[in-house]
Amino acid sequence: MAKISIVIPVYNVAPYLRECLDSVLAQTFASWEAICVDDGSTDGSGAILDEYAARDIRLHVIHQANAGVSAARNRGMREATGDYIWCVDADDEIERESLRLLLEVIANGDNPDVICFGSHAERSDSPLNAEPVKFNMNEVVQSREALRRWGGRLWAWNGLFRRTLTDGLMFKNYLNGE
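The structure reproduced in this document is the subject of the present report. This is a predicted model, so every value here is computed, not measured. (Residues numbered from 1 in each chain as written. Predicted model: local features only at pLDDT ≥ 70, side-chain atom pairs only at ≥ 80, totals over all residues. Heavy atoms only, no water.)

Turning our eyes to something else, we now look at the side chain of serine 5. Relative to the assigned elements, serine 5 resides in strand E1 (residues 4-10). Setting aside chain neighbours within four positions, we find serine 5 in contact with Glu33, Ala80, Thr81, Gly82, Tyr84, Ile85 and Trp86. (Helix = DSSP H or I, 4+ residues; strand = E, 2+ residues; numbered from the N terminus. Contact = heavy atoms within 4.5 Å.)

Structural data, given as structure tokens:
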């Protein structure tokens, strides 16, 4: 069974961080690690991360000087050891069945490189509001139709990426997004 690395960049999100970490710890699928990169928080977020890491060895905390969300995400991706990487924002919560469902897509699929999935703003019975679309990178490189049929929106937080695809890739800081 595949292992998932959850990369969580953290910067001054203390009011939301516990909910995010609790949602990760509540996952029904246990083969995961979370790489939490404290990007120079000044609001106590780093202490919250250390508290949670002391409770569960699957949580790994890295403290670094503030360099921006892209640098934090890049650091987490470099430290990841799982077969797949999922970038989760520190002010988000993930449904407790999310990892299990994503691993089912992998197990029932054709060894996908990327799995894109939807999100929702309100709680529901399904962690994924849209049928996941899975594809291999050669399909994406050869044809943008793979992204178009899904809706053309591939973000860091709504895709599960094979870790070997991320080797050498870096997020860059932009004014709006990455």
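What follows concerns the nonpolar core. The biggest cluster of nonpolar side chains holds 30 residues, and the ones touching the most others in it are Ile6, Ile8 and Leu21. Those elements that place two or more of their residues in this core are E1, helix H1 (14-25), strand E2 (32-39), helix H2 (45-55), strand E4 (84-87) and helix H4 (98-108). With five residues, H4 is the largest single contributor of residues to this core. The contact partners of isoleucine 6, leaving out residues within four places of it in the chain, are Val24, Trp32, Glu33, Ala34, Ile35, Trp86, Val88 and Leu99. (Core = buried A, V, L, I, M, F, W, Y, C linked by side-chain atoms within 4.5 Å. Buried < 20%, exposed > 50% of the residue type's maximum accessible area, 1.4 Å probe, protein only.)

On to the pairing of E1, then. Among the seven residues in E1, seven count as buried, and that is most of the element. Residue alternation in E1 divides its side chains into two sets, Ile4, Ile6, Ile8 and Val10 and Ser5, Val7 and Pro9, and both sets are buried. Crossover connection from E1 via H1 to parallel E2: handedness right-handed. Strand direction decides the pairing type here: E1 and E4, joined by four bridges, are parallel. Along E4, the bridge assignment pairs valine 7 with cysteine 87. (Right-handed = clockwise from strand over helix to strand, strands pointing away. Pairing = 2+ DSSP bridges.)

Another point: the pattern of salt bridges. Using the criterion set out here, one finds eight salt bridges in the structure. For the salt bridge of arginine 58 with aspartate 56, the shortest nitrogen-to-oxygen distance reads 2.9 Å. We classify arginine 58 as partly exposed; its relative accessible area is 23%. Close ionic contact of glutamate 104 with arginine 100 constitutes a salt bridge, the shortest N to O distance being 2.3 Å. Taken together, the positions of glutamate 104 and arginine 100, both in helix H4 and four residues apart, correspond to about one turn of that helix. (Salt bridge = Lys/Arg side-chain N within 4 Å of Asp/Glu carboxyl O.)

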